[in-house]
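Architecture at a glance
Each chain, letter by letter, is given below.
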Amino acid sequence: MALTLKGTQQGIVLRPLSDSWDDVLQGLENALRDAEAFFRGGRLIAEMGDQELTKEMLTALRAILDRYDMELWAVLSNNAETIHTARTHGLRTRLPGETVGVLPKDQPATVPIPPDTASSGGTRTDPGEYALVVQRTLRSGQSIKYPGHVILVGDVNPGAEIIAGGHIIVWGKMRGLAHAGALGDEHALICAIELTPAQLRIAGYFGRPPEGRRRKLVPETARVSEGAIVVEPWHTRE
Amino acid sequence: MAGKIITISSGKGGVGKTTITANIGLGLAMLGARVICIDADIGLRNLDVMLGLENRIVYDIINYIEGRCRFRQALVRDKRFPELFMLPAAQTRAKDAISIEQMKSVAHEAAQMVDYVLIDSPAGIEHGFRCASAPAELVLVVANPEIASVRDADRVVGLLEAETNTPARLIINRIKPEMVQRKEMLAPEDVVDMLAIDLIGLIPEDPEILTASNRGNPIVLNNGSPAGKAFLDISRRLQGEDVPFAPLKPPSFFQRLLGSH
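Analysis parameters
Residues numbered from 1 in each chain as written. Chains lettered and ligands numbered in written order. Predicted model: local features only at pLDDT ≥ 70, side-chain atom pairs only at ≥ 80, totals over all residues. Helix = DSSP H or I, 4+ residues; strand = E, 2+ residues; numbered from the N terminus. Expected span 1.5 Å × (residues − 1). Buried ≥ 20, exposed ≤ 12 C-beta atoms within 10 Å, placed from the backbone. Contact = placed C-beta atoms within 7 Å. Pairing = 2+ DSSP bridges. Axes fitted to C-alpha atoms, helices over the stretch in contact; angles between N-to-C directions. Left-handed = near helix turned anticlockwise from the far one by under 90°. Nonpolar A, V, L, I, M, F, W, Y, C, P; charged D, E, K, R; others polar. Core = buried A, V, L, I, M, F, W, Y, C linked by C-beta atoms within 7 Å. Parallel < 35°, antiparallel > 145°, perpendicular 65-115°, else oblique. pLDDT = per-residue confidence, 0-100.

A separate point is helix H7 (residues 147–163) of chain B. All names here are of chain B. End to end, H7 covers 24 Å across 17 residues, agreeing with the expected 24 Å (1.5 Å per residue, within 8%). Among the 17 residues in H7, 12 count as buried, and that is most of the element. Burial in H7 covers these residues: Ser-149, Val-150, Arg-151, Asp-152, Ala-153, Asp-154, Arg-155, Val-156, Val-157, Gly-158, Leu-159 and Leu-160. Of the surrounding secondary structure, the elements contacted by the buried residues of H7 are strand E1 (4–9), helix H6 (127–133), strand E6 (138–143), strand E7 (168–175) and helix H9 (188–195).

What follows is the structure, encoded as structure tokens:
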């Protein structure tokens with residue numbers, strides 16, 4: 001691994017793990033290609049640490065991001081040269097206190113930034129996994145994209161979408177499009193109190209609800225089983 | 001104190017925005033309020049026809065913005081209520097002939113004169129819609145009880161929430177109680193449930209609405225009709241009155257026999 005990519009409220013954070021910028025860029029390109037639907041249109045924060053970022057490196061990085069409609073938004077660095085380079089290119093070198101998020105900018109998120117798992121490790125008895133919790137109605141044309149789990153307290157109306165790297169849990173009616181495990185996790189689940197989506201996707205699998213009206217609506221869970229998405233009512237689960 | 005600016009919007013076309021603007025405007029005037037109705041559907045104006053004021057237009061909103069006339073001159077006074085005015089759209093121009101800032105300033109100027117400024121938004125969610133909703137303190141979202149219309153209304157409510165955070169209330173238009181009863185049409189409760197905003201009006205389908213609009217005498221002037229009453233009820237609710245929602249009943253056998261529906 002030449003880099004890590006981590007989704008935060010502010011954007012997607014890139015941390016190079018290799019001294020070879022070519023390797024980092026190659027790794028980035030692979031990651032973006034593998035989950036294009038997820039990254040497209042997002043913005044990137046390069047967390048350079050002590051590593052220097054020259055003008056040439058910056059240009060090469062932007063060239064890749066351009067192909068995925070992504071924006072290089074900020075460069076965080078401890079290196080004075082790098083900070084200077086970033087500033088002269090109109091980039092942020094510090095993150096604002098206000099959170100805007102990986103959600104499109106017209107949809108302010110309602111939750112604070114999940115703390116960095118690495119830095120808070122050890123302070124909790126049960127580390128669990130972080131999720132984006134959103135409490136509102138997701139309306140037609142609105143979308144939530146998040147690399148972790150997404151919990152929505154409210155309804156997802158037709159024409160709205162949730163794309164999550166992990167599970168999607170809807171405490172309400174799921175009537176739009178849900179894509180769980182969008183970064184390739186086939187074990188991701190989609191649960192809803194009323195699961196009547198336009199379409200379900202889990203990792204690379206794809207499913208539509210059966211045509212026609214259903215008799216009774218009960219909470220359901222969708223998962224991938226034997227190469228297909230299956231939907232099970234909640235009450236029959238062990 | 002400046003008047004309240006209210007925009008009537010829907011996303012989808014043909015759901016009854018202009019009819020509703022005309023009827024609520026007249027309804028408020030009937031209740032004694034001073035009202036200016038602004039037709040923001042530049043290039044496709046209709047509000048003048050529905051209000052029966054088409055032949056009185058001299059100047060329009062674009063003429064005013066371009067400085068060809070004074071604000072008062074662009075207003076067309078209603079022939080029935082002297083405190084009701086209409087600011088007509090320009091028929092020969094395109095929607096982008098007016099900017100958001102210009103629309104805001106026109107609406108605020110209008111609000112200085114009257115108690116209510118109603119803005120009839122064009123269909124769609126593009127520039128025309130943004131212009132019409134930008135000055136609003138309240139948006140009345142119109143939906144018909146059909147899937148496509150409800151979905152477009154949902155989109156509009158979402159845009160309002162995200163961009164301007166303007167409060168929205170729902171008007172459901174063209175309800176056919178007999179079809180709802182046979183479960184062939186979305187019930188008003190289904191529409192409210194999906195859009196999750198407060199209801200302010202339920203208008204039953206009534207062919208009289210169309211003929212009244214064609215004659216330029218909106219149905220709200222006919223107090224006896226259920227649709228006319230439904231419009232007047234919305235005007236009352238806008239004034240802060242707590243008017244219960246009348247149950248919508250299918251026409252009875254005798255009513256159908258008498259052809260009153």
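The rest of the description comes next.
Residues and elements named next belong to chain A. The strand order across the open sheet formed by four strands is E1-E2-E3-E4, and the pairing between neighbours is mixed. Each having just a single partner strand, strand E1 (3–7) and strand E4 (71–77) make up the two edges of the open sheet. Put simply, the sheet's adjacent strands are angled 25° from each other on average, direction ignored. With five bridges joining them, E1 and strand E2 (residues 12–16) adopt antiparallel strand pairing. Across the sheet, residue Leu-3 finds its bridge partner in E2, namely Pro-16. Sheet strands touched by helix H1 (residues 21–34): E1 and E2. Its angle to E1, the strand with the most contacts, is close to 45°. Helix H3 (residues 55–67) rests against strand E3 (43–49) and E4 of the sheet, and its axis sits at about 145° to E4.

Our focus in this paragraph is the packing of H7(B) against H9(B). All names here are of chain B. Two elements in contact, H7 and H9, have axes separated by 10 Å at closest approach and are oriented at 30°. As H7 packs across H9, the resulting crossing turns out to be right-handed. Where H7 abuts H9, its residues Val-150, Ala-153, Asp-154 and Val-157 lie against Val-191, Met-194 and Leu-195. Among the residues making up the contact of H7 with H9, the classes are represented as six nonpolar, no polar and one charged.

Let's shift gears to unusual backbone geometry. For A:Ala203, which is not glycine, the phi torsion reads 50° and is therefore positive. If you trace the backbone, A:Ala203 turns up in the loop between strand E12 (199–202) and strand E13 (205–207).

This part is about the sheet that holds E13(A). All names here are of chain A. Ordered by their spatial adjacency, five strands build an open sheet running E6-E8-E10-E12-E13, and the pairing between neighbours is mixed. This sheet does not close on itself; its edge strands, each paired only once, are strand E6 (143–146) and E13. Taken over all neighbouring pairs, the strand axes of this sheet differ in orientation by 5° on average, direction set aside. Direction of pairing for E6 relative to strand E8 (residues 161–164): parallel, over a ladder of four bridges. By the bridge assignment, Lys-145 is partnered in E8 with Ile-163.

Formed by 81 residues in total, the largest nonpolar core has its most connected members in B:Ile38 and B:Val117. Setting aside chain neighbours within four positions, we find B:Ile38 in contact with B:Ile61, B:Leu87, B:Ala107, B:Ala110, B:Val117, B:Leu118, B:Ile119 and B:Asp120. One finds A:Leu14, A:Ile169, A:Leu195 and A:Val224 within the second-largest nonpolar core, a separate group that totals 50 residues.

This brings us to the packing of H1(A) against H3(A). Residues and elements named next belong to chain A. Put simply, H1 and H3 touch, their axes get as near as 10 Å, and they point 10° apart. Classified by the angle between their axes, H1 and H3 sit roughly parallel to one another. Of the two possible hands of crossing, H1 and H3 adopt the one that is right-handed. Where H1 approaches H3, its residues Trp-21, Leu-25, Leu-28 and Glu-29 are matched on the opposing element by Met-57, Ala-60, Leu-61 and Ile-64. Residues of the contact of H1 with H3, tallied by class, amount to seven nonpolar, no polar and one charged.

Let us now look at the interface of chain A and chain B. Across the contact, 11 residues belong to chain A and nine residues belong to chain B. Of the residues contributing to the side of chain A that touches chain B, the split by class is one nonpolar, seven polar and three charged.

Here the focus is the confidence of the model for chain A. Of all residues in chain A, 82% have pLDDT values of 70 or greater, and the mean over the chain is 81. When the criterion is pLDDT under 50, residues 98–126 of chain A qualifies, and its contacts beyond four places in sequence or with other chains add up to 39 contacts.

Here we take up the pairing of strand E5 (residues 116–120) of chain B. Residue and element names in this part refer to chain B. Here E5 lies mainly inside the structure; five of its five residues are buried. Covered by surrounding structure in E5 are Tyr-116, Leu-118 and Asp-120 together with Val-117 and Ile-119, the residues of both alternating faces. With five bridges connecting them, E1 and E5 associate as parallel partners. Residue pairing across strands places Thr-7 opposite Ile-119, the latter belonging to E5. Here five bridges tie strand E2 (residues 35–39) to E5, and the two strands are oriented parallel to one another. When the bridges of E5 are listed, Val-35 appears paired with Tyr-116.

On to the environment of A:Tyr205, then. Residue and element names in this part refer to chain A. Structurally, the position occupied by Tyr-205 is in strand E13. A sequence separation of 199 residues divides Tyr-205 from Lys-6, and the C-alpha atoms of the two residues are 24 Å apart. Excluding anything up to four places from it in sequence, Tyr-205 contacts Val-224, Ala-228 and Ile-229.

The subject of this paragraph is the environment of B:Leu232. All names here are of chain B. In this structure, Leu-232 sits in helix H11 (residues 226–238). Along the primary structure Leu-232 and Asp-206 are separated by 26 residues, whereas in three dimensions their C-alpha atoms are 15 Å apart. Setting aside its immediate chain neighbours within four residues, Leu-232 contacts Gly-27, Met-30 and Val-220.

Moving on, we get to helix H1 (residues 17–30) of chain B. All names here are of chain B. With 14 residues, H1 ought to run about 20 Å at 1.5 Å a step, and its terminal C-alpha atoms sit 20 Å apart, in line with that. Of all 14 residues in H1, 13 are buried; the element is thus mostly enclosed. Two residues or fewer after H1 comes Gly-32, characterised by a positive phi angle close to 100°.

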